[in-house]
Amino acid sequence: MISVRDLHKVFRQGETEVRALAGVSLDIAAGEFVSIMGPSGSGKSTLLHLMGGLDVPTAGEIVIEGTPISRMSDDEITIFRRRKIGFVFQFFNLLPMLSAEENVALPLSIAGEKPDSAFFEQLLERVGLTDRRKHRPSELSGGQQQRVAIARALVSQPTVVFADEPTGNLDSQTGAEILALLQLSAKEHGQTMVMVTHDAHAAEIADRVLFLADGQIVEELPGSGATEILAAMARAGS
């Protein structure tokens, strides 16, 4: 599903170069749930944004479903993201003037499309928003807003979902509910999930956990057992 080869990313700040990624290579299978962990500045969010086509690499290649997205033009990658990729971020990024259901449908509205009504109703029910669909973000709790953000990421039925610290602003119980939603979606629809997190308990729901340090993958574990994940985080410098 996703293939990354010798990926580099350098940010320039005046005359200073900051190397965020230094030759990352990895493969993620269709339907796999992968967590990415590492200390602050390790390059984990940069890697996620590059794989999601939100930024372009300095060097290297990213292929999703056989398509080399790192070679695409801005217009091509915009269309590809709209059709194939969903995003969930730590900050919900909801439009305050729209209702919950309007925020969910926004990606399709921008594309001039309408959601499949049966799937849309099923999606709202699955994320627990049926009775809150007409409420605006200011009338929703943090957990409910993140449910809207997850539904928005899933409404176009993407093949890949990228989640950047999706539970970072939530309490532990609400965070566990959000993670369960992501896991359920991956299983029910065969979607590939890639999640950046600092939370070992969140990471352990994944099939596989990758650890980054200094812009490189330094360790890999199966996604089970917070104790082992915490030990790997310590080795990676988290």
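Please refer to the structure higher up on the page.
Residues numbered from 1 in each chain as written. Predicted model: local features only at pLDDT ≥ 70, side-chain atom pairs only at ≥ 80, totals over all residues. Heavy atoms only, no water.

Further remarks concern the overall build of the protein. On a plain count of helices and strands, the protein comes out with 8 helices and 10 strands. Counting across all 238 residues of the protein, residues that qualify as buried make up 49%. Accessible surface, the protein as shown: approximately 11100 Å² in total, 48% of it carbon and sulfur. Counting 21 positive and 31 negative side-chain charges, the protein places the centres of these two groups 4 Å from one another. (Helix = DSSP H or I, 4+ residues; strand = E, 2+ residues; numbered from the N terminus. Buried < 20%, exposed > 50% of the residue type's maximum accessible area, 1.4 Å probe, protein only. Areas by Shrake-Rupley, 256 points an atom, 1.4 Å probe, with all protein chains shown as cover. Lys, Arg positive; Asp, Glu negative; His and termini not counted. Charge placed at Lys NZ, Arg CZ, Asp CG, Glu CD.)

A few words now on helix 6 (residues 172-189). For helix 6, built from 18 residues, the straight-helix expectation of 26 Å at 1.5 Å per residue is met to within 8% by its first-to-last C-alpha distance of 26 Å. Lining the buried residues of helix 6 we find strand 3 (33-37), helix 4 (117-126), helix 5 (142-154), strand 7 (160-164), strand 8 (192-196) and helix 7 (200-203). G190, located one to two residues past helix 6, shows a positive phi value of around 65°. (Expected span 1.5 Å × (residues − 1). Contact = heavy atoms within 4.5 Å.)

Each pocket or cavity is described by its volume, and for the largest pocket that value is around 460 Å³. Lining the largest pocket are 15 residues, and of these R81, R82, I85, F87 and P107 sit closest to its centre. Mapped onto the lining of the largest pocket, the elements with two or more residues apiece are helix 2 (74-84), strand 6 (85-89), helix 3 (100-110) and helix 5. For the lining of the largest pocket, the element with the most residues is strand 6, which contributes 4 residues. (1 Å grid on protein atoms, 1.4 Å probe; cavity = no way out; pocket = protein on both sides within 12 Å on 5 of 7 lines; lining within 4 Å. Points joined across faces, edges and corners; volume = space filled by probe spheres on them.)

In short, the description is geometric, and any link to function would need to be established separately.
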